[in-house]
Amino acid sequence: MASQESGELFVDPKVAKPMVAACDAWIGELKLMVVLSERLSDVKGMGTLESGRALADKFAKKAIGGEDSLEKSLDSHIAVVKEMRAYFQAGIDRYESVDTENAAAHGRLEILE
């Protein structure tokens, strides 16, 4: 049994399977947002003056390529959701492994009459 003090978490496989599917769906949505965010980097309408071009470049980098860009933020979210998915999948895999081992051990038991 898991305990809060040890930092362990138990997730029932019946709950973990939909969580894996939800993580997959969310990763797909986030990746789509990354692709769509490329459109935001095409900033227009700031004029032809140097200051206007600099401002357009600054806004473009808020979308893609900048230090604190939307792209990097979305990539960070994708990484976290992938870790969550891996955790839930590992729980399912461990459960199925133990279940298979227990079934095999049960099959080797002799029935005494």
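Residues numbered from 1 in each chain as written. Predicted model: local features only at pLDDT ≥ 70, side-chain atom pairs only at ≥ 80, totals over all residues. Heavy atoms only, no water.

A. Summary view of the nonpolar core. In this structure, Val11, Ala16, Val20, Cys23, Ile27, Leu30, Val34, Leu74, Ile78, Val81, Phe88 and Ile92 together form the largest nonpolar core, which totals twelve residues. When contributions to this core are tallied by element, the ones reaching two or more residues are helix H1 (13–37) and helix H3 (70–108). With six residues, the single largest contributor to this core is H1. With near-sequence residues (within four places) excluded, Val11 lies in contact with Ala16, Tyr87 and Phe88. (Core = buried A, V, L, I, M, F, W, Y, C linked by side-chain atoms within 4.5 Å. Buried < 20%, exposed > 50% of the residue type's maximum accessible area, 1.4 Å probe, protein only. Helix = DSSP H or I, 4+ residues; strand = E, 2+ residues; numbered from the N terminus. Contact = heavy atoms within 4.5 Å.)

B. Looking closely at the packing of aromatic side chains. With the rule as written, the count across this model stands at one aromatic pair. Taking the centre distance of 5.7 Å and the plane angle of 70° together, the rings of Tyr87 and Phe88 count as edge-to-face. Using a relative accessible area of 10% as the deciding quantity, one classes Phe88 as buried. (Phe/Tyr/Trp six-rings, centres within 6.5 Å; stacked < 30°, edge-to-face > 60°.)

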